[in-house]
Every structure is written in C-alpha cells, then in structure tokens.
There are 2 protein chains.
Amino acid sequence: MLLLRVDLAELKIKKENIPSEYRLFSGRALTSRIISDEVSGTCHPLGPFNKLVIANGLLAGTPVSSASRISIGAKSPLTSGIKESNGGGNTAYKMARLGIRAIILEGETKTKSNWYILYINKEGAKLIDGSYLENKGTYDKTDALHEQYGKNIGIILIGPAGEQLSITAGITNTDIEGNPSRYCGRGGLGAVMGSKRILAIVLDDAGTSPVKPVETDNFKYLLKKYTALIRSTPQTAEGFPKYGTAGMMEITNTIGALPTRNFSTGTFEGAAKINGQALYDTITERGGEGASTHACMPGCIIRCSNRYPDKDGKILVSPLEYETIAMLGSNCDIDDLDVIAKLNYICNDYGIDTIEFGCTIGVLMEKGIMAFGDTKEIVKVAEEMQKGSYLGKIIGAGSIIAGQVFGVTRVPAVKGQGMPAYDPRSVKGLGVTYSTSPMGADHTAGNTVRLNIKHHLKDNQVEISKNAQLGATLFDSLGICIMVGAAVKDKNLLAGLISSHTGLACSEDILIEIALSTLTTEKKFNNSAGITSVHDRLPEFFYTEVNPSNGVAFDIFDQDL
Amino acid sequence: MLLLRVDLAELKIKKENIPSEYRLFSGRALTSRIISDEVSGTCHPLGPFNKLVIANGLLAGTPVSSASRISIGAKSPLTSGIKESNGGGNTAYKMARLGIRAIILEGETKTKSNWYILYINKEGAKLIDGSYLENKGTYDKTDALHEQYGKNIGIILIGPAGEQLSITAGITNTDIEGNPSRYCGRGGLGAVMGSKRILAIVLDDAGTSPVKPVETDNFKYLLKKYTALIRSTPQTAEGFPKYGTAGMMEITNTIGALPTRNFSTGTFEGAAKINGQALYDTITERGGEGASTHACMPGCIIRCSNRYPDKDGKILVSPLEYETIAMLGSNCDIDDLDVIAKLNYICNDYGIDTIEFGCTIGVLMEKGIMAFGDTKEIVKVAEEMQKGSYLGKIIGAGSIIAGQVFGVTRVPAVKGQGMPAYDPRSVKGLGVTYSTSPMGADHTAGNTVRLNIKHHLKDNQVEISKNAQLGATLFDSLGICIMVGAAVKDKNLLAGLISSHTGLACSEDILIEIALSTLTTEKKFNNSAGITSVHDRLPEFFYTEVNPSNGVAFDIFDQDL
C-alpha cells in the first residue's frame, strides 16, 4: 500500500512508501497524523497550505464486513480545527485494490480557471481536464463519468457547493450501484477539495487483483468468527438491517432527545410519521426500486442502508438516514418523508451536508425567515440555493454564520459545526462528546445514546463520553463502520484480523494506543489552530433553558470536563 | 460622579458609587475593567450575560479641549473578545453634567416585543417605551427625539442594524448640532445595545450646573498651557483643522499604504480626487451649509471634523473622515466624493460601521458580486441593505463572514474585524498593532503611521507598536481624543489637569500604569474568551503576496511578537 501525493501547484503526482512508523495507521489515524505533520494550524483552510487527505482502512478491500469506510481529513473551513469525516461507498475498497492507502491533495493551482479530475487506474494516476463538469450536480457528474469511464468505477466527488467553497460542502462517494450518495458530509471538506480545483477522483480498478491476506488460514478463521458475531447479534442481524439508522428515532423521541423546532424540545408529535417503522412501511408498501435494506459498501452484511422510492416506485433518494430525517424533519417541524427525501436529494446533488443544512434551516425558522413546517418554502429555498441565491449562500455557510447574519442567539453548534440529531440535554454523555471532541458537535465522535444508562443525569457522563470517544476513534482509525461495535466487542479479534491480513504485529493495546494518540494529535493540532479548552462547551442556551420534554438543562460544566 | 446600572430583566435602574479603586479609571480603562469584572469571557455576546458599558472621561464636561470622547465597551459579537470603541459628540459632555461616569446596561428583557428609551435628566433616569421608533433610521429617530425632548439633548442611539443584531452595527452619538453622526462604530456594539432592547439613550442636561474643578486656579493654569500647546502645534493648529483626518491620504498613498481594490495594492490612481485637498476644495467651493472645519464635541479647538455639502450647498453627510473615504473609495475603486458621502450617509442612517462596510464591499468586489468601481451597483446594494435584503444581511455581518459565505480567501481582517485604511505591509508598526491588539484590526489601537520612520521595514516595529498601543490606551482611558497626542507629549500635564479637576493624586506613572493594566485586563479577558496568541496574526495573504506599490510583504512573524 502506498501514498499518492498530488501537487496541484506543479500538477505532479508521485507515489510514496508509507513511512514505517505509520504502517498500522489507517483511516482517521492516518489522515489526522498526516495533517498534523504537514499542515500548519494557522493556515487558511482554503489556501495553498492546507491539504486534503483521503485514506482507507487497514482491512479495506478484504471480505471483512463493513471495513471499507473512507476517511477524509483536512483543516476544516467550518470548525477551523482538524477534521475527519468518514463515509461508506465503494471508493475505499477500490483504492485498496489499486494499492493505495491514502491520497494527499496539496498546494494550489497556479490559475483558478481549470478544474481537474484525478484519474487513477492500475497503470498509474493522472490529472485530466474536468472543467466540462463544473457547476453540474453530483448526479449529473456521476452520469458523465460513468459514461466516460464505465459503470465499474469508484468516484469521490464534490458538487457545486464544494466548487463554490461553501464551508458546509461535503465530499461524496459512489455506492455499489454507482449512486453518489455516501457522504463524508461534515466539516466542509468539500470546500477544501474545491480549493484544490479537483472536482472528482475516479478510481478505476479494472484488471486489479483482489486484496490478499498474508496469513490466509488464520485470517479466514478470524473472519468466520467476526462474521458470525455480526450475524448473531440482534442489533446487527435484525435491528440495523430492518430499520437502518432510522430506528434511532424511537429511542431519541422516547428520552426527549429528538431535536424538534430548532432544539426547543425533544419529542416530536409527528415522530410516528417519519420514524424507522414509518420508513420501513413506506418503502415496503411502495415496492418498485425501493429497498428497506441495502449495503452501502462492498461486502457489508449489516446492510443498514436503504433506497427510498416515490409513489411510483422510482428511487427518490438513497439512503435516507436518521440524522437527515431528524434534522430536516422534527427539527424543522416536518413530518413528511417524501419532503425530507426530496430535500436530501437536493442537498446530495448540490453537495452539501444534510445535518448542517437541517440545523441551519432550524435557525432560520426560529428567526421567521420561513415558518416551522412550511414544506413548500423550504423546498423552494433549497432549489434556489442550487441556483446560487444569496439566502442559499448563507445556508451553505452553516448554522453559526446564519445565526450571526440574522441575529439568532439559539444556534445549536459547537466549534463552528451544527449539532446532529441528539439533544445534548437528554443524552449528556453525547453532550460531553459534542463539547470536548476535536471534531466539534459530531454524533459519530463518541455517541453514548445506545448505552443502557440514565442519559439525562450527569453522573459519570464525562468518563462514559471518554470511552465512547476512544471507541469511535478506534473504529474510525481502522475504516470499520461503528455499527460493527454493537457486535464485535473484542478488540483482539480486530487486531488478529489486522495481523493476519498485514503480517504486522497488532493487539488490542496497540489499537487503543493508536486511538489515544490520534485524539491527542488532533487536540494538539486544534491548540495550534487557536482552539482551546475554552471552546469545549455547548451553546449558552443548553445550560439556561430546560428541555421541556424532560425538564432538564445541560449541567456538566468546565470544571468537570 | 456615579455609575448608572440598568437591569433590563427587572426594568430597574440604580445609581451606584464608583468603587474607590476605580476612581481614576474612565473611558476605555473603566469599560474594560467593568466588563472584565462582571462579564464571563464565554458568554454569548448578544445574550443575557453580556453587558454594555458606556463611559466618559475624567475631564469630560470641562473646558479641556477634545476631552469629551465617549467610550463604549462590551464583549464584541464581531471579535468575540473585549471591545472598546470611542467617538466624539455631545453625549460624554452631557453625561458629565448629569453626574454620570458610566452607564451599564445588563440582563435581558423578559419579552422581546418592546423597545425602550433610557431617558436621563437631573431628576433621575427612567425607561420609556420606544417601540414607535423601531426600524427608523438614525436621522429620523433623532428628529423624533428632538421633537419630543427639545434640541438641547444628547442622544446615544442605534439604527435598524443594531435593532436587527447586525454584528457590525455601531452606536452613534449626536454632535453639537444634534446630528447623529459621531459613531462608536467598531466591533458591533450596536448589536449589543440592540440585544438589550434599548434603541436610544437621551441625555437631557437642562438645569444642570457646569462641571467644576476642585482646584480652580491650578486647573486654569494647566488648561491654559494645554490649550496653548494645541494652538501652537502645526498639526493641531493647522493640518487637522484644514484637511481633517482626510489629510492622511496624502501620506498613505505616498508610502503605498492606501488600501486599493481590496488591499491588492497601496496606491490609488484616483487619490487626488478624494484626498484631503480635494475634500477641502470641494467643501469650500460649494459653500452653503458645508464647513471644512468643525468641532465634533463641545469645546474642541482642533475642529478636525467637517460638514460635506452637495452641489446645492445642502449637507450630504457630516463628517466625512479618512477611514470612510479610503475604505469606500480606493478600496472599492471609487474616486467620487459624492458617492462616498452618499454611502456614508446610508451607513450612518442604517447604523452600520463604515470601515467594516467598505472592507466587506471590497471582498464582495473581489468575488465579482459587484464590479470594482461600480458606483451605481454599490449604492443600490446599500439601499437594499436598508430594506433588509439577504445580500445586505451578509454585508451587515462583516468581511470575515462575507468571505466565508462567498468563498473568498483574501479577507483583510484580524480577530473577526475588518481592517481599516492602512495596508499593514506598508505600515508595519500598525501591522503589529493589528496583529496583537486585543481590539483586532483597529487603527486607533496604536497607529504608527505619523512617526518619522521607514514604515515598510520590519526593524523595531514590535517595540514601536507597543509604545503606540500604550499611548492610544492612555488617551482612550481618559476620554481624550488621540489627535491631542500630536500636541501634548507631556503626560504630567494631563495628570495635573486630572489632579486639579478631581482632587485625586495623579501622575504620568499612574496614567501609564492604568493604560498598561487596561491592556493586560483586556488580553486576559480575551484569553478567557478563547482568543490566544495564535490569533495574533494577519490574514495569510499579507505574508505571501507583496504589495505591488512597494514590493514588500508582511514579514513580522510569531517569534517576533
């Protein structure tokens, strides 16, 4: 496995060996390490000194289920700190087949007139003129690239939002069917890719050989064990495949953690119309191209993704995930899955993070720019955003900036990033994660909501969050989906898979050490970027306003953190 | 002299004695001290825990020339740090006659439906319903208040920008003629006043007695000396009165420090059409209500202000200052004083900082939102801003946010605040001040441009800036105009005036100690607000791009600061 370094100033590409001290680093551990080593904390995130790093995991491309997530990292234009955002799709898998562990985009093109496609196949990598794709939505871009390079490719790409340096732009990855839907959505990394003038990376693995383990027998033995665990654990075997992430709404609505009308309460009267059951029923009733279970990456046996069809059975969007449903649904007072699906499609096509979009719309609704629940207006505004309206530009800059532009003080965001679909007053462990994670408000940075604890009480939540953050970092650093964590508790099993696949010594202790050092590296980077413990806090209103659904405010303060 | 504390939550007002340790604190020293003592660095600047502090100087209301500036301070919604912005006008003077050293607005009203006027006369202070003034421009508001309370009042007020919590909104003060034109413009303090739901403070000093010194003879003797110095120094006696601050353009254009087309160069081909001479000639030729020299506050003998008339001799705006002329002129490629005056009027009426406005328009022009030099479009956009357009909302949020919304990386701002009219590559001492001042990019925080040094060389600039910052803080902390500094070098003369006026022991050492401790207090507050030495830097492009007018980049780095 190699590093592919793309110098945009010279338009040159070179392959490098992975430094030996990084050989067990992959996913988030690798993106954060390279950024920390090579990027100054004080550089402009959209200038020549930032770098975009794309890395897969140590087990990418293997038959290990759910192990081909793709990590993308940079100094974030949204948080000003270090960022890693990971997603599914077929791109990490194809990178592995092409022998690539990480791609580094660095420097700045001499002119800002051209756009490039980075095309990689078994012969090598090259930069191709991609200007003809400028300003096309991600779906049209994908169609054009499929037409040119065949359907059997992986594509990492940005939409118009990324090209226009919108600081909430995401980077999307094609799924198994070639649908550009698997977003590394958070932190505005699409703008960093846009600042590098690369609008698509095409991974053409035609003619490559499958990724092979070093110790075949041992690997097979451990793989069997791993697969059996996933197949025998109720959550990964039944819950996730049936309801997907949308099953979460049943939990959050019950405990008062479902953001409703810009986090003004935690239970939503329309929840039953948009929850996991409603989603499942709608998809199965409509049939057609719809699918209530779907693998987002090659070889995933959990299959928690879905394909959401319209009334005629044609795909409206795929997937429709809990975060999007809640942030565009209850948070905006919308109880209509079709409207949410349409908005999700628009965001995907424009290339913008749905969580930040929903969070920002909630802020605008609080201000009365549009009314809560006004589905017509929100769709109209989203469509105008695609055409470049000024309001759309404000939305594309995220919730914090929308709040500053319109004078809204109730903005649910931490370190510049809008909050995902859990009210931190009702899931205090996650509230601690929002406060302290180097990533800003991020549910994947250490979610505690599935633990069997009293989430609205403050007891032990700091410790609980710490463990959750460590666990999340561990999975992110292996490119393994955090959903696997529900089934595979034994980290030595993961270490064994890595050892037998790579031939490198690995153990639970080593994996924990890597996760810990990754968090430390990230915190250190953030310090050098001017983000200190002063920024480890929630917005003021979570401390001063109780959540009416359970009567509690957030009460874990500085001295506890 | 007393503190007037206005509790908006309870709608109660009380008078307090000034704590004895604060008796020599006035102006910026007092606003920064109270904020530092009473406001948490992490509070939301537009929430219930911020406070707006308005203070005059120790010599306010006396016949000491130029000693009735008004300081306004708060945690800034623009910089997130502590802010003091001071201006001229008649309000500090009238506060002194009413026996008030400082007004503190604190808390948050229980509902957000009413607006208040804080009315103060010799009988006391009260909150009056001011909702009928909502959304009126500052000129209309002033007319209405004059009609109600007579012409002989002082008014501290905000425009629609402040009401709407625009984070670049200023607070204006009436001048001697009652014109609401003397802005405490920087740092978005108008939004803090708006968040307190107070749209005007009326100071009615009818029936009050003149402010009297404790030691009349000594005071008179020193006052004579002070006045003689101002009258005999060429700058204060001739240069400032004739050309006002606009005389600066001759200097900056010569040394390549005049921001031109969003700081892309430092000399402007149209400078001769908008410089001090052009301004003087236009005003004198047009005659009518115009005046090339004008006192902004009672008793000022420097009279560096002006009244700018249209072709028919009717006042277009008063005053027209260098910062506004340069930021709306050369920085936007506009060489027409009438257009600049019109834009200045619109900004004043809407209640927004002209420096930030010009800086933001420069950023938008760089992006092509409007063309450099397109006077029609800029006036149209400004007029739409008054009506609440989305583009106007973006402009009202300042240059940093405009850059983030539109993906512009060349944004001339430090600590959130747009740069005033001096290119830091060409005035490196001021560049150090921009970098390190607790106030963000602020020319009044320690300007070095009038010193007889090689401004484009880095030698000793850190030391030079340090002295300039200390000097500026000293004058700001006395409510004395920094223009006086050109004539009165002997701080013991200032100390003597204070001693003889107040009866308190004072000396040059004490004044320097107060200035130093003010800077330290401000830095400490900023640290508690998450602003560290990492934020002590200019935007990246000043280090990487040379200023074409003199071939130098900014080259004073972290280790030097």
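The rules behind the values
Residues numbered from 1 in each chain as written. Chains lettered and ligands numbered in written order. Predicted model: local features only at pLDDT ≥ 70, side-chain atom pairs only at ≥ 80, totals over all residues. Helix = DSSP H or I, 4+ residues; strand = E, 2+ residues; numbered from the N terminus. Rg over C-alpha atoms; globule rule 2.2 N^0.38 Å. Buried ≥ 20, exposed ≤ 12 C-beta atoms within 10 Å, placed from the backbone. Contact = placed C-beta atoms within 7 Å. Least-squares fit on C-alpha atoms with pLDDT ≥ 70 in both. Pairing = 2+ DSSP bridges. Axes fitted to C-alpha atoms, helices over the stretch in contact; angles between N-to-C directions. Nonpolar A, V, L, I, M, F, W, Y, C, P; charged D, E, K, R; others polar. Domains from an automatic or database assignment. Core = buried A, V, L, I, M, F, W, Y, C linked by C-beta atoms within 7 Å. Parallel < 35°, antiparallel > 145°, perpendicular 65-115°, else oblique. Expected span 1.5 Å × (residues − 1). Left-handed = near helix turned anticlockwise from the far one by under 90°.

(A) View of the overall build of chain A. A count of helices and strands for chain A gives 20 helices and 17 strands. What you see for chain A is a C-alpha radius of gyration of 22 Å, in line with the 24 Å of a compact globule of 561 residues. Across the 561 residues that make up chain A, the buried fraction comes to 61%. Considering only intrachain contacts with a sequence separation of at least 6, the fraction spanning at least 24 residues in chain A is 71%.

(B) Broad picture of the relation of the copies chain A and chain B. Its rotation angle being 180°, the transformation that places chain A on chain B also includes 0.0 Å of axial translation and leaves an RMSD of 0.0 Å. The operation mapping one copy onto its partner corresponds to a two-fold rotation axis. No C-alpha of chain A approaches the rotation axis more nearly than that of A:Y390, which lies at 3.0 Å. A shared binding surface is used by both copies, with 100% of the interface residues of chain A retained as interface residues in chain B.

(C) Structural detail: the sheet that holds strand β15 (residues 315-317) of chain A. Residues and elements named next belong to chain A. Strand order across the open sheet formed by 3 strands is β13-β14-β15, with antiparallel pairing between neighbours. Two strands lie at the open edges of the sheet, namely β13 (291-294) and β15, each paired on one side alone. For this sheet, the mean angle separating the axes of adjacent strands, direction not counted, is 40°.

(D) Inspection of the interface of chain A and chain B at higher detail. Facing 29 residues of chain A, the contacting portion of chain B comprises 29 residues. The set of elements that each furnish at least two residues to the side of chain A that touches chain B consists of α14 (390-396) and α15 (398-406) of chain A. Residues of the side of chain A that touches chain B, tallied by class, amount to 14 nonpolar, 12 polar and 3 charged.

(E) View of the pairing of strand β11 (residues 180-184) of chain B. Residues and elements named next belong to chain B. Counting buried positions along β11 gives 5 out of 5 residues, so the element sits mostly inside the fold. Across 4 bridges, strand β10 (residues 171-174) lies against β11 in antiparallel orientation. Across the sheet, N173 pairs through a bridge with R182, a residue of β11.

(F) Representation of the sheet that holds strand β1 (residues 2-7) of chain B. All names here are of chain B. Spatially, the 6 strands line up as an open sheet ordered β2-β1-β6-β3-β4-β5, and their pairing is mixed. Of all the strands in the sheet, the pair left with one neighbour each is β2 (12-17) and β5 (82-87). Averaged over all neighbouring strand pairs, the angle between strand axes comes to 20°, with direction disregarded. In this structure, strand β4 (residues 70-75) lies alongside β5, joined through 6 bridges in antiparallel fashion.

(G) Focus on the domain arrangement of chain A. Residues and elements named next belong to chain A. When the domains of chain A are assigned, the result is domain 1 (2-203) and domain 2 (233-489 + 531-560). With 52 residues of domain 1 at the interface, the matching set in domain 2 holds 39 residues. No other element matches strand β5 (residues 82-87), which puts 4 residues into the side of domain 1 that touches domain 2.

(H) Main features of the pairing of β1(B). Residue and element names in this part refer to chain B. In the sheet, β1 pairs with β2 via 6 bridges, with the strands oriented antiparallel. Among the inter-strand pairings, D7 is bridged to a residue of β2, identified as K12. In sequence, β1 turns back onto β2 through a hairpin of 4 residues, with L11 there showing a positive phi of about 55°. Here β1 pairs with strand β6 (residues 100-106) via 6 bridges, running parallel. Paired with L3 across the strands is A102, a residue of β6.

(I) Just the nonpolar core, in detail. Core analysis: the largest hydrophobic core is formed by 344 residues, its most contacted members being A:A200, A:I201, A:V202, B:A200 and B:V202. Among all residues touching A:A200, those that are not within four sequence positions of it are A:I117, A:G130, A:L133, A:K141, A:L145, A:I155, A:I156 and A:L157.

(J) Representation of the packing of helix α19 (residues 491-502) of chain B against helix α20 (residues 508-528) of chain B within the structure. Residues and elements named next belong to chain B. Contact geometry for α19 and α20: axes closest at 8 Å, N-to-C directions at 95°. Between α19 and α20, the crossing angle belongs to the class labelled roughly perpendicular. Within the contact between the two elements, α19 uses K491, N492, L494 and A495 and α20 uses E508, I510 and L511.

(K) Examining helix α18 (residues 461-476) of chain B more closely. Given a rise of 1.5 Å per residue, 16 residues ought to cover 22 Å, and the 22 Å separating the end C-alpha atoms of α18(B) matches this to within 8%. Where α18(B) is concerned, the buried positions are B:Q461, B:I464, B:S465, B:A468, B:Q469, B:A472, B:T473, B:L474, B:F475 and B:D476.

(L) Highlighting unusual backbone geometry. Residue and element names in this part refer to chain A. Cis geometry marks the peptide bond from S318 to P319, where omega comes out at -5°. You will see that L11, though not glycine, has its phi angle at about 55°, which is positive. Looking at where L11 falls in the secondary structure, it is placed in the loop between β1 (2-7) and β2 (12-17). We note that S80 has phi near 65°; this positive angle belongs to a residue other than glycine. Within the fold, S80 resides in the loop between β4 (70-75) and β5.

(M) Focus on the packing of helix α6 (residues 216-232) of chain A against helix α18 (residues 491-502) of chain A. Residues and elements named next belong to chain A. At a closest axis distance of 9 Å, the pairing of α6 and α18 adopts a crossing angle of 150°. It follows that α6 is roughly antiparallel to α18 by the angle criterion. Along this stretch, α6 crosses α18, giving a crossing that reads as left-handed. Between α6 and α18, the contacting residues are N218, F219, L222, L223, K225 and Y226 on the first element and L493, G496, L497, S500 and H501 on the second. Taken together, the residues of the contact of α6 with α18 break down into 6 nonpolar, 4 polar and 1 charged.

(N) Seen up close, the environment of B:K458. Residue and element names in this part refer to chain B. Looking at where K458 falls in the secondary structure, it is placed in the loop between α17 (428-436) and α18. In this structure, the C-alpha to C-alpha distance between K458 and V427, residues 31 residues apart in sequence, is 9.2 Å. Those residues in contact with K458 that lie beyond four places of it in its chain are K428, D555 and I556.

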